[in-house]
Amino acid sequence: MTAKRVAVLALLAACGISGALAQSAARNDPRTFPVYAAENQVSGLIRNSGSALGGLLARWESEFVKFQPEIQFQDDLHSGDAAIGAVEAGAADLAVNGREPVLTEYLSFAEVFDNDGPFQVTIATGSADILGRTWAQVIYVNQDNPIAHLTMAQLDGIFGAARTGGYQGYKWSSAAARTSEKDIRTWGQLGLNGKWANKPINTYGYAPTGMSNFFELMVFHGGTKWNANYRQYVETSAKQATDHSGTTDQMLDDLSRDPYGIAWAGIAHARGKPRIKAIALGFNDGGPFIACTPATVADRTYPLTRSIFIQLNRPPGTPLKPPIKEFLRFILSRQGQTAVQVQGEYLPLTRDELDRQVGALD
């Protein structure tokens, strides 16, 4: 064990953290990750399209060329929504993106490249509470509501509807099917008694975006059918917004006046909204039920934690081009993930997730 690792463990122990938690925290500290060492000296041009990630991509590039001085970058970072299209058009090698592909991107990718979709590398964890930085999705109810936690299946029952299947990539799968018997439409179905028992659950959330696509993937298993009473809003700061009406700011104002409402949004949206509360989530009836905090997003235990990606064309069974592989290996290294930590808006990967992503490069 290195002196640095011993120091990290000692500091955590001094703060009263158990040995197991201290070991886990030290393992997930980017300073303990494997350092980048070039497998090959490479040269050429890497073309990136999509999101600048708040300056993080530029930081990665400038650090990478210290190890690989014959590499050059050409960036077109106007929008993550244009990223996959640029790869399909042959204008970019890498799509830098804060969201998963949507159906039309999967379909066009299959038609252009004759494979099932982009090869996707998770390069960082989304933020816990920063707007515009792929924030974790949080479930909110009115503060008078006594409910404390929900399972992912219950979220499906509340926000979703009976369906015959869902999309896995661009392919339809009946594995996501469910009947209306699993619909949850009253608070009594969630165990609330008295005046709550027969009250309807009023659902609130986003209109179609990358955020709603993520919710459908995680909660509806790729299904796209929502509760008929679902009220749609757009991001307050988005181009689609015209005024307060119909925005997420209004949504949480509406929720603060609706004791029977439930919404999904981000921690940053809820600031200054005193009459709402966040709900912990779990995968199973017995828990554990996990609140959304910077720590639970960073360790990726919170169920609606999101990810940052690089997407590219890699036909199944083919190796990555050496310059691309070296750049991705750098991002998935101590230096690359420490850069995420220094940038301070996105979060580094956990060691387990980093190891999975590195293994997928071979």
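Owing to the predicted nature of the structure, the values given are computational and were not obtained by experimental measurement. (Residues numbered from 1 in each chain as written. Predicted model: local features only at pLDDT ≥ 70, side-chain atom pairs only at ≥ 80, totals over all residues. Heavy atoms only, no water.)

Side note on helix α7 (residues 210-219)
In terms of burial, α7 is largely enclosed, as eight of its ten residues are buried. Residues of α7 that are buried: Gly210, Met211, Ser212, Asn213, Phe214, Phe215, Glu216 and Val219. Contact partners of the buried residues in α7: β5 (138-142), α6 (152-159), β9 (202-206) and β11 (261-265). Two or three places before Met211, at the start of α7, stands the capping residue Thr209, its side-chain oxygen 3.0 Å from that residue's backbone nitrogen. Looking one or two places after α7, you find His221, whose phi comes out positive at around 55°. (Buried < 20%, exposed > 50% of the residue type's maximum accessible area, 1.4 Å probe, protein only. Helix = DSSP H or I, 4+ residues; strand = E, 2+ residues; numbered from the N terminus. Contact = heavy atoms within 4.5 Å. Polar contact = N/O pair within 3.5 Å; in protein donor to acceptor, adjacent residues only side chain to side chain.)

Focus: the sheet that holds strand β6 (residues 149-151)
The strand order across the open sheet built from six strands is β6-β12-β5-β11-β9-β10, with neighbouring strands paired in mixed fashion. The open sheet terminates on both sides in strands that have one partner only, identified here as β6 and β10 (231-233). Shown here is a sheet whose adjacent strand axes are inclined to one another by a mean of 30°, direction ignored. Taken together, the four bridges between β5 and β11 define a ladder with antiparallel strand orientation. When the bridges of β11 are listed, Tyr140 appears paired with Ala263. Across the sheet, α6 touches β5, β6, β9, β11 and β12 (276-282), and the angle it forms with β6 is around 90°. Relative to β11, α7 is tilted by about 110°, and along the sheet it contacts β5, β9 and β11. (Pairing = 2+ DSSP bridges. Axes fitted to C-alpha atoms, helices over the stretch in contact; angles between N-to-C directions.)

A few points about the confidence of the model for the protein
Taken over all residues, the pLDDT of the protein has a mean of 93, while the share at 70 or more is 91%. Under a pLDDT of 50 for its full length, residues 1-13 has, in the predicted model, 17 contacts with residues more than four places off or in other chains. (pLDDT = per-residue confidence, 0-100.)

Considerations on the pairing of strand β2 (residues 71-76)
Here strand β1 (residues 44-50) pairs with β2 via six bridges, running parallel. Counted as the bridge partner of Ile46 is Phe73 from β2.

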